[in-house]
Amino acid sequence: MSAASASAATTSASAAQAPAALTTPDGGRPDATAPQFTIAVLPDTQYLLDDGGSDAEPVVATLRHLVREQARDNVVFMTQLGDVTEHGTATEMRAASRAFDAAGRLPFSVLAGNHDVSGDDQRGDTPYLRTFGPQRFARMSTYRGSSADGYNSYHVVRGGGREWLVLALDWRVSDAGLAWAQGVLDEHATLPAILTTHDLVWAEDDGRAQLSGHGQRLWDRLIRGNDQIFLALGGHYWPSGRTTMTNDDGNRVHLHITNYQDRYYGGAGMVRYYSFDLARGVIDVETFSPWLLAKDALTPLEAEHVELSGDVDRFTVEIDFDERFAAFAPPLLPAPRPPSAVMPLGTVAYWRFDEAGFDEAGFATAGADGAPVAPGTVARDLTGNGNDLTSSLLHSSGPQSLTWSAEHHDAQPAHASLRFDGGKQPDRGAVLRTGPDSPINSAKFESGYTIETFLKLPEPYLGDHAWMGILSWEGRAGDAGKHSGWSDDEPTCSLNLSGERFLQFVVYPVPGDADPTSWSHAIPVGRWMHVAIVNDGRHTVMYVDGSKIARNAAEESRGISTLGKPFAIGGTQYAGQYEQGFYGWIGDTRIVSRALRPEQFLTAGGR
């Protein structure tokens, strides 16, 4: 007999009962500090917990899966969306209680749907309240409290190194319930909030969702006026769908309906993963049935429901979390670090563009966001080694070609940078160059070196900036006796950007005649990054944001064939002349006469 036939033949006395022994192997604890974590969502389970004949095993299988895979999938919380049972009877609630025992120590929330209760949250005692009231959650580490009636609750969940507020609201929230929810939000005013309820939005067949009557009440009375709420989830209706609305602060709120009770086997215990990735700025959403996934052999109908892949069941929500939460929870950035803290043994030169890095006169004129950096402004070499940089404009460039900026990489020691506005047709830009007698002009670095800088490309990235220089030593490769490279007229060492936005580090080593070159991937626009070029006296490796890139030259590379000519930031010469200058921001730049490890980079201590 098939599972479905067996289920249909079960008597009402035993239909909704879960297996008696619910021992679930513990999959380990999630990592609350990792930038990727998952909140699981379990929608309407009513057809699987029904006195009239059903099968609780898919619900149990889902909860066991979440516990077993808690560490691997970094599941920090599970939220259920109401209609736990079909009729809300004491028998069904006992069966639901036994099924949810399979969650073990996984923290979760449950809320009442219209099949569990009737009326609003002032209804008083019910089998639901006796089963999933405050006493059910009291020992959970995430649980923080419930409304006086017991039907609304909230949890504080830790994931991605920060705390998140989860509101679990009754299917019909009274005025008292709304006042309670507002009080919770006010009390936790710096926490981003996820609102869960049963009746929120309904969807057309194409997946476009709109507010239900109760959803409109929640939007008007609670969601739109509380910028903390960025995600709201509901069940009740089918098909699934989603929409995005704009709150009173002008920010996007994502509203989703998740419900599969109309699908095969009452939804087959479908669970939805909301996988947050704070590094990528996304929430990846996927929907699947752990119960079906665990089966050795599937019927054609079962195979259709193992995993759902439509636009409303598997999708990505893009969120710049820092920007979205900035109004109520601005990111805590590391404090600026003094120069002395970031000059390890062997530091040859270190330049930064805050008050510590400019001479007094230079900072007085340039130290305001957007202020032009006048030609002749000196950026001091903070090592005291005499490698000061002096600014100059290229060609007939105007004063806006080089300006001071308060922008910076979050992990950069100095909280300042320079904005270069270089380009072609006509060639324009600005550079900062060492003086004619600076020691770095002739340094060979044959024992190794680490060259680091912070940079950011504008968004939008306008115009043609192919092969613009970022930093370099002046002088022709041909004058150093190097003729095997792309051209005798290129410099002996430079960091550039190709037309495809690939970083290119090309160097002519001291011995031999070669130009071993490293290439990055296409770097993004509108985002700060840290670049490090590390040479150990034999080979060169490029790192972007602490990650080693793939295309590093296999050729041996020892030293740099400098010619006693200036080192420059903001451009690269060709045939002894500057053409276009850099387009974007450049921050702290450091050169050390030995190979550093990633944990010794300028970003260390600033994360």
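See above for the structure.
Every value quoted in this text rests on a predicted model; they were computed, and no experiment measured them.

(A) Expanded view of the sheet that holds strand β25 (residues 493-497). Spatial strand order, β18-β19-β22-β31-β24-β25-β26-β27: eight strands in an open sheet with antiparallel pairing. Of all the strands in the sheet, the pair left with one neighbour each is β18 (378-379) and β27 (517-522). Sheet topology note: the strand β19 (residues 389-394)/strand β22 (residues 429-434) ladder contains six bridges and is antiparallel. Residue pairing for β22: Leu-393 is matched across the bridge by Ala-430.

(B) Representation of the packing of aromatic side chains within the structure. In the structure shown here, the tally under the stated rule is 31 aromatic pairs. Consider the rings of Trp-164 and Phe-321, whose centres lie 6.2 Å apart with planes at 90 degrees: the pair is edge-to-face. Of this pair, Trp-164 sits in strand β6 (residues 162-168) while Phe-321 sits in helix α10 (residues 321-324), placing them 157 residues apart in sequence. Given a relative accessible area of 5%, Phe-321 falls into the buried group. With a centroid separation of 5.0 Å and an interplanar angle of 85 degrees, the aromatic rings of Tyr-273 and Phe-288 are classed as edge-to-face. Remark: Phe-288 occurs in strand β14 (residues 282-288) and Tyr-273 occurs in strand β13 (residues 271-277); sequence separation between them is 15 residues. Judged by its relative accessible area of 3%, Tyr-273 falls in the buried class. Classification of Phe-288 as buried rests on a relative accessible area of 7%. Looking at Lys-295, its charged tip hangs above the ring of Trp-291, at a distance of 4.4 Å from the centre.

(C) Local environment of the environment of Ala-466. With respect to the helices and strands, Ala-466 occurs in the loop between β23 (449-456) and β24 (468-473). Once the C-alpha coordinates of Ala-466 and Phe-502 are considered, the two residues, 36 residues apart in sequence, prove to be 9.6 Å apart.

(D) The arrangement of the sheet that holds strand β10 (residues 229-234) in detail. In space, the seven strands of this open sheet follow the order β4-β5-β6-β7-β10-β12-β11, with mixed pairing throughout. At either end of the open sheet lies a strand with only one pairing partner, and these are β4 (143-146) and β11 (241-246). Looking at each pair of strands side by side, their axes are set apart by 20 degrees on average, direction ignored. The pairing of β4 with strand β5 (residues 153-159) spans three bridges and is antiparallel. Across the sheet, residue Ser-146 finds its bridge partner in β5, namely Ser-153. Contacting β4, β5, β6, β7 (193-196) and β10, helix α6 (residues 175-187) runs over the sheet at an angle of about 175 degrees to β6.

The rules behind the values
- Residues numbered from 1 in each chain as written.
- Predicted model: local features only at pLDDT ≥ 70, side-chain atom pairs only at ≥ 80, totals over all residues.
- Heavy atoms only, no water.
- Pairing = 2+ DSSP bridges.
- Helix = DSSP H or I, 4+ residues; strand = E, 2+ residues; numbered from the N terminus.
- Phe/Tyr/Trp six-rings, centres within 6.5 Å; stacked < 30°, edge-to-face > 60°.
- Buried < 20%, exposed > 50% of the residue type's maximum accessible area, 1.4 Å probe, protein only.
- Lys NZ or Arg CZ within 6 Å of the ring centre and 35° of its normal.
- Axes fitted to C-alpha atoms, helices over the stretch in contact; angles between N-to-C directions.
- Contact = heavy atoms within 4.5 Å.

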